[in-house]
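Listed below, chain by chain, are the residues.
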Amino acid sequence: RFATSTLFYDINEASVHHRQRPVLRNNRQDSELGVSQNLTEAEQRNKEEAERESRIKSLKIRIISIMITSPKAALTAVIAASVSSCSAFTPQSFITAAQQRTASGSSSALSATVDPTLVTKKEYQDICGVDFSDATLSSRLERTAYLYPKHVEVIDDFTPMVDKMVDEVLLETGEKSWQPQDYLPDLSQDDWLEQTRDLREAAEGCPDELFVVLVGDMVTEEALPTYQTLLNTFEGCDDPSGTTDSAWARWSRGWTSEENRHGDLLNKYLYLTGKCDMRKIEVTIQHLITSGFNPGAKKDPYRGFLYTSFQERATKISHGNVGKLAKKEGAADLQRICAKIAGDEGRHEKAYQSFCTEILKRDPDGLLIEFGDMMRGQIVMPAELMTDGSDSMLYENFSTVAQRLEVYTALDYADIIEHLVDHWKIGELTGLSSEGEKEQEYICRLPKRYRKLAERSMNKKVDEEYEPQSFSWIFDRKA
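Counting of residues starts from 1 at the beginning of each chain's written sequence and follows it residue by residue. Under the rules for a predicted model, residues below a pLDDT of 70 receive no local features and side-chain atom pairs below 80 are neither given nor counted, while totals for whole chains, interfaces and linings still include all residues. Processing note: side-chain calculations cover all non-hydrogen atoms of the structure and skip hydrogens and water entirely.

Draft legend 1. Highlighting helix H19 (residues 410–423). Compared with an ideal rise of 1.5 Å per residue, which puts 14 residues at 20 Å, H19 spans 20 Å between its outermost C-alpha atoms and is within 8% of the ideal. Between the side-chain oxygen at the start of H19 and the backbone nitrogen of Leu411 there is a gap of 3.2 Å, and the oxygen is on Thr409. Downstream of H19 by one or two residues, Lys425 has phi in the positive range, about 50°. In DSSP terms, a helix is any run of H or I states spanning at least four residues, a strand is any run of E spanning at least two, and both are numbered starting from the N terminus. To estimate how far a helix should extend, the number of its residues minus one is multiplied by 1.5 Å. Polar contacts here mean pairs of N or O atoms no more than 3.5 Å apart (in protein, one a potential hydrogen donor and the other a potential acceptor; neighbouring residues in sequence count only if both atoms are side-chain atoms).

And the structure:
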């Protein structure tokens, strides 16, 4: 704060001296008329130039000394002080430039112009070390705005592989890809009533517990806007314009378009069964999207891809197990639906795990440090904040039913961690730093540790007496 304030003062003082110099020179001429009259016009200009160069040199020395101790503060102070204090950046310059851009239709984000009669662009660059133009300044800010510049550099390095993933992992869009309607009764056909009746009869044999888990999975899928928002927070992997043609932006949009089918399909299926209160479900979806979701990625692409590697596998397991239960109950339509969705999740899981594999090749220490830090907390489930507006324990109750049906359990959590440790061959990594080795040892011990905790927890719950809970999703029936 002190350094910034001092720098503001120095630049402001130099600016004031520069603006007032003609007045001060005239005062000297009044008091030392004889001396001044002996100076030729050329000598006066040389003297002024020497004084000006001296002030610039003094400022450069001060800026450099401050940048050594606080580079960001110095750069911020230089730009801010230049705009607000120096006569090269007058309020009128802002107004004139803005008016010109408005008239010409330009939409440049920068609205300051350099007054060439006071400080030229070259002089500004000489003082600040950066060029003052829309293109270069924007580019510089883009490069220096990252919280994790090294992680972004690593991510950029395997962008060609992401291009390949977009083509090979994501399916074709449009007519070549599957759509929800492919797995539902076609109401435009003459036999639509028979198709719907068959679906409803098969669903009638499924217990309420299965429908509670199915609704919970569907609500999770329908909160897709939150997950795309999350993807766009990963530095270096975002889609800043909404139509950016980078590999990462195309992956984000392609992944989202595929995931969008899951919620649509499950939603329509549940509606056609007639077994659920769709309005209560819709209220739950709206609450979940409004509440948001924070998995602790902290805008870090490493942490983001670690999380998605875990979560895509967890979702695949959950949908797959619901499909197996549906098959046992004779609901063939539901079994096909769940199998199709689980297949998508499996493809996406492989992609995100491949991203982490590429990171490990380039920065194993960095990924292990983030992985260990995330595991010291807990992987947050995406629907953790779900509520129907009345049941504050809705997620806990849904989760309990899912565990009792063995759709997704604490053992699955331990299995996923073990799978990731084995898939990335974390125990075989070499050439790590001391901190990396410490995290490697910690992570490799996690599967065994979590399995013991899971078994202990599940045995305890088996011994506990469970009281069924009412769910608004199924018209307040208990499950």
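Draft legend 2. Here's a closer look at the pattern of salt bridges. Within this document, salt bridges are pairs made up of a side-chain nitrogen of Lys or Arg and a carboxyl oxygen of Asp or Glu, the two lying within 4 Å of each other. Counted under the stated rule, the structure contains 19 salt bridges. Arg303 is the partner of Asp373 in a salt bridge, and the nearest nitrogen-oxygen pair spans 2.8 Å. Of this pair, Asp373 sits in helix H17 (residues 364–376) while Arg303 sits in helix H15 (residues 301–328), and the two are 70 residues apart along the sequence. Accessible area is worked out with a 1.4 Å probe on protein chains only. A residue is then buried under 20% of its type maximum, exposed over 50%, and partly exposed in between. Asp373 sits in the partly exposed class, given a relative accessible area of 36%. Given the relative accessible area of 6%, Arg303 is considered buried. Note that Glu358 is salt-bridged to Lys361, the shortest N-O span being 3.2 Å. Here Lys361 and Glu358 lie together in helix H16 (residues 332–362), a separation of 3 residues that amounts to about one turn. A cluster of three or more residues bridged by salt bridges with shared partners is formed by Asp157, Glu358, Lys361 and Arg362.

Draft legend 3. Here's a closer look at helix H9 (residues 159–168). Residues of H9 that are buried include every one of Met161, Val162, Met165 and Val166, and no others. Across the axial projection of H9, the buried residues extend over an arc of 150°, all falling on one side. Exposed side chains of H9 directed beyond 90 degrees from the buried face belong to Pro160, Asp167 and Glu168. Close packing links the buried residues of H9 with helix H13 (247–273) and H16. Read the arc as the range of directions from the helix axis to the C-beta atoms. Throughout, a residue-residue contact means that at least one pair of heavy atoms, one from each residue, lies within 4.5 Å.

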